[in-house]
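Chain by chain, the residues run as shown.
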Amino acid sequence: RCAAMPTMTVRFSRSILLLASSLSYTHSLAPPQQHAVVVGAGPAGIAAALTLASHHNYTVTLLESSPASSAQTEYDPTKAFLYNVNGRGQTLTRQFPNMQQKLVERSVPSGGFGGVKLTIVPSDPNEELPKVVEEEQADEKTPEEDKTPELKGTMQSEKAAAAGYWLPRHEMVKLMVECIDEHNAKKDCENKITFSLGQECISVKPTKEDGRSKCVRVEARNVEDGSVTIHQAALVVGADGMNSKVRQCLADAAPSTAENGWQRNFDPKNFVLKRYTSPASHLRIKVLQLPPRFEIPDALGSGSTPLVTNSEKIYALRSVNTGPRNYLSLGLLPMKDNTAVRPTNIVTRPDHEVWTIHDGPTMQKYFQKAFPRFNFEEEGGIVSKEEWDRFAKAEGTRFPYCQHSKGLAAWVDGDDEGGACGVALVGDAIHAFPPDIGQGVNAGLMDVVCLDRALKGLDPETGAETDDTRSSSLPLETGLKQYQKRHAPEIAALIRLARFGAPYQYKQPHRADRMLLKFWTANVALRVILSKLTFGLVQPPSIMLSQNKDLTFRQVMKRADLTTALFKTILVGGFGFWFKQRYGFGFLKALLVKP
């Protein structure tokens, strides 16, 4: 096992780095404590650090490339997206009671697929707002003190039973960081978690020198001054996103040899991403910030007072533009703080007109024309000139491919000279996809749960006991092998779900998109109807099945595939019957019988 914090810092130059790699490390006479390095301090990385420290007796160093000045726990318009932590993600949060409690208190509950009311605001300013909006506004006027204890109890029960919880990304990171602080503050805590911000991972490789224990060597460069810190750990967890340096180091390693140090069957090709394109891949997205509780005007001349928006409601603001290159719709997802800025996502094809505008005044005029219901351009408009300038200049980002790595872990087997060491990947480091199925953060948290189970000797997918569970001392390499063997097929199924689950929910406006959307909608509707008519014998669509946290993604896709096979059988059988009725079998006999 590796010593708790064997690190050194050197200036970033080739000669000194070579010298640093040969320097010896000081060891305590006391038995060394297990040390782990987690690369990436997003939700998956923080979850991994807490899990290793709380469940597996590791001291943990958490490396994050963003400098301290970036304030990951503060609102950032470039990362102003929201998470819906559903039942899968809560498998992790419920393991830490404080984390689950914070999640419930700071989020907006949702009822799962179809359980969230969407208010669509018409583009035509002469059209009245939907009646459901008026009802919701009336409900919001009920003072807290006027609610009876029975009503308050009912509301709390509904929240506790919610399938998921909406909250901004920075709030999720903040509550998880607080859990780390609480973990470190425990009087009997020996397994501390240390944050190291502004540290960019540049190298990961196994090492064993001078007969010392086998370790994984991690080199991290300070993003500000270029100095390099060297860490040695028994376990390294790569949670550093879709462009993971940890995964890339494994992909760049030599094939399994005595020199590279990894297991006998190590194949770097397994860590090269497999990429697939979905209809949502490459869509561009950026955020326009609307003020809290902004008003939505009712129909012109109706005399109705404007609707004051509520942060806990979902709105879709339609534009008058409907063309392939100018269609717009502003989506607002729920968040707890009714006094916070309300981010709205602009999701379009890359050839949309909005990406050709780079100055605030022109963008302001464009939106005023597209959304005549709102005051965007006149004095006192709901969006400031500074925000229009920022929004116009923002490049935004693009939805990724549906991609995954076949390799999830690498390890060095233990022997008489030293224990095993290894690397595991979690989160976007092994899978990334557009956000249309709502499983991004949840899949990342489940990766950590599965790794936790595997290291305990449990089945990674079900948590059931195995023969390894009854072992008094489970080798690290055994847990990593099980994580690789059992969880890799689950990731492959997740990527299939991401490709076909709900890729047209952004209403992509190209003519081909609109046609394919109709086919996709018909397919989903047919499966829903047949499922109800057959009392579940025909399975619902995969996007609905995925909301059941008790089903693995492999089970979801297997059930969806059975329905697809049924459709194909009916189609082929129907065509064959029609062909027989019309032409008989004489035509086939003429083809098969030799002259």
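Read on for a plain summary of the structure. This one's a predicted model, so the numbers in the text were calculated from it and none came from an experiment.

On to the environment of P122, then. Note on placement: P122 falls in the loop between β6 (118-121) and α5 (131-140). Given a relative accessible area of 12%, P122 falls into the buried group. Distance in space between the C-alpha atoms of P122 and V320 is 8.8 Å, their sequence separation being 198 residues. Ignoring sequence-local partners within four residues, the contact set of P122 consists of E127, E128, L129, P130, R318 and R373.

This brings us to the pattern of salt bridges. Tallied over the entire structure, the rule returns 14 salt bridges. The residue R217 makes a salt bridge to E219 at a minimum N-O spacing of 3.3 Å. The two residues R217 and E219 agree in class, both being buried. For the salt bridge of R284 with E395, the shortest nitrogen-to-oxygen distance reads 3.5 Å. Residue R284 is found in strand β14 (residues 284-290), and its partner E395 is found in the loop between α10 (385-393) and β20 (397-398); the two are separated by 111 residues along the sequence. Overall, the relative accessible area of 52% leaves E395 in the exposed class. It is possible to trace a salt-bridge network through shared partners that takes in K102, R106, E178 and E182.

Right, let's talk about the sheet that holds strand β23 (residues 421-425) for a bit. Spatial ordering of the open sheet is given by β8-β3-β2-β12-β23-β22, a layout of six strands whose pairing is mixed. The open sheet has two edge strands, β8 (193-197) and β22 (409-412), and neither has a second partner. Each neighbouring strand pair of the sheet contributes to a mean axis angle of 15 degrees, computed without reference to strand direction. Strand direction decides the pairing type here: strand β2 (residues 35-39) and strand β3 (residues 59-64), joined by five bridges, are parallel. Along β3, the bridge assignment pairs A36 with V60. Packing of helix α2 (residues 43-55) onto the sheet brings it into contact with β2, β3, β8 and β12 (235-238), and relative to β3 it is tilted by some 170 degrees. Of the strands in this sheet, β2, β12, β22 and β23 touch helix α8 (residues 245-252), which is tilted by about 120 degrees from β23.

Another point: the side chain of E219. Within the secondary structure, E219 is located in strand β10 (residues 215-222). For E219, a relative accessible area of 12% gives the class buried. E219 has contacts with E200, C201, I202, S203, V228, T229 and I230, leaving out every residue within four places of it along the chain.

Moving on: the sheet that holds strand β5 (residues 108-110). Here we have three strands laid out as an open sheet, ordered β4-β7-β5, and antiparallel in their pairing. Pairing within the sheet leaves two strands with one partner each, and these edge strands are β4 (82-85) and β5. The sheet shows a mean angle of 30 degrees between the axes of neighbouring strands, direction not considered. Sheet topology note: the β5/strand β7 (residues 164-168) ladder contains three bridges and is antiparallel. If you follow S110 over to β7, its bridge partner there is G164.

Phi is positive for K507, which is not a glycine, with a value near 55 degrees. Locating K507 in the fold gives a position in the loop between α12 (476-500) and α13 (511-533). The class for K507 is partly exposed, based on a relative accessible area of 39%. Even without being glycine, F535 reaches a positive phi, approximately 55 degrees. Within the secondary structure layout, F535 lies in the loop between α13 and α14 (542-545).

Given a rise of 1.5 Å per residue, 25 residues ought to cover 36 Å, and the 36 Å separating the end C-alpha atoms of α12 matches this to within 8%. At H487, α12 is deflected by roughly 35 degrees, the largest bend along its length, and proline P489 occurs up to four residues later in sequence.

Every other side chain in a regular strand lies on the same face of the sheet, so the side chains alternate between the two faces. Counting buried residues along strand β17 (residues 314-318), four of its five residues qualify, which places the element largely inside the surrounding structure. Summarising the sheet, β17 and strand β18 (residues 329-332) pair through four bridges and their orientation is antiparallel. In the sheet register, L317 faces β18, and the bridge partner there is L330.

All right, on to the packing of aromatic side chains then. Taken as a whole, this structure holds 15 aromatic pairs when the rule is applied. Note on F367 and F376: the rings are 6.2 Å apart at their centroids and 80 degrees apart in plane angle, and the pair reads as edge-to-face. An angle of 90 degrees between the planes, with centres 6.2 Å apart, marks the rings of F371 and F376 as edge-to-face. Over the aromatic face of F553 sits the side chain of R88, whose NZ or CZ is 4.2 Å from the ring centroid.

A few words on a nonpolar patch on the surface. Nonpolar side chains collect at one region of the surface, where M515, L516 and F519 lie side by side and expose about 310 Å² of accessible area between them. Take F519: its relative accessible area is 56%, and that puts it in the exposed class.

What follows concerns the packing of α12 against helix α15 (residues 553-583). It is at 8 Å that the axes of α12 and α15 come closest, and there the two elements cross at 50 degrees. As judged from the angle between their axes, α12 and α15 are oblique. Pair α12 / α15 crosses with left-handed handedness. Residues R486, P489, E490, A493, L494, R496 and L497 of α12 form the contact with α15, whose participating residues are F553, R554, M557 and D561. Of the residues contributing to the contact of α12 with α15, the split by class is six nonpolar, no polar and five charged.

Conventions we followed
Residues numbered from 1 in each chain as written. Predicted model: local features only at pLDDT ≥ 70, side-chain atom pairs only at ≥ 80, totals over all residues. Heavy atoms only, no water. Helix = DSSP H or I, 4+ residues; strand = E, 2+ residues; numbered from the N terminus. Buried < 20%, exposed > 50% of the residue type's maximum accessible area, 1.4 Å probe, protein only. Contact = heavy atoms within 4.5 Å. Salt bridge = Lys/Arg side-chain N within 4 Å of Asp/Glu carboxyl O. Pairing = 2+ DSSP bridges. Axes fitted to C-alpha atoms, helices over the stretch in contact; angles between N-to-C directions. Expected span 1.5 Å × (residues − 1). Bend = angle between axes of the 7 residues up to and from the residue. Phe/Tyr/Trp six-rings, centres within 6.5 Å; stacked < 30°, edge-to-face > 60°. Lys NZ or Arg CZ within 6 Å of the ring centre and 35° of its normal. Patch = residues over 30% accessible without salt bridge, like charges linked within 9 Å, V, L, I, M, F, W, Y side chains within 5 Å. Areas by Shrake-Rupley, 256 points an atom, 1.4 Å probe, with all protein chains shown as cover. Parallel < 35°, antiparallel > 145°, perpendicular 65-115°, else oblique. Left-handed = near helix turned anticlockwise from the far one by under 90°. Nonpolar A, V, L, I, M, F, W, Y, C, P; charged D, E, K, R; others polar.

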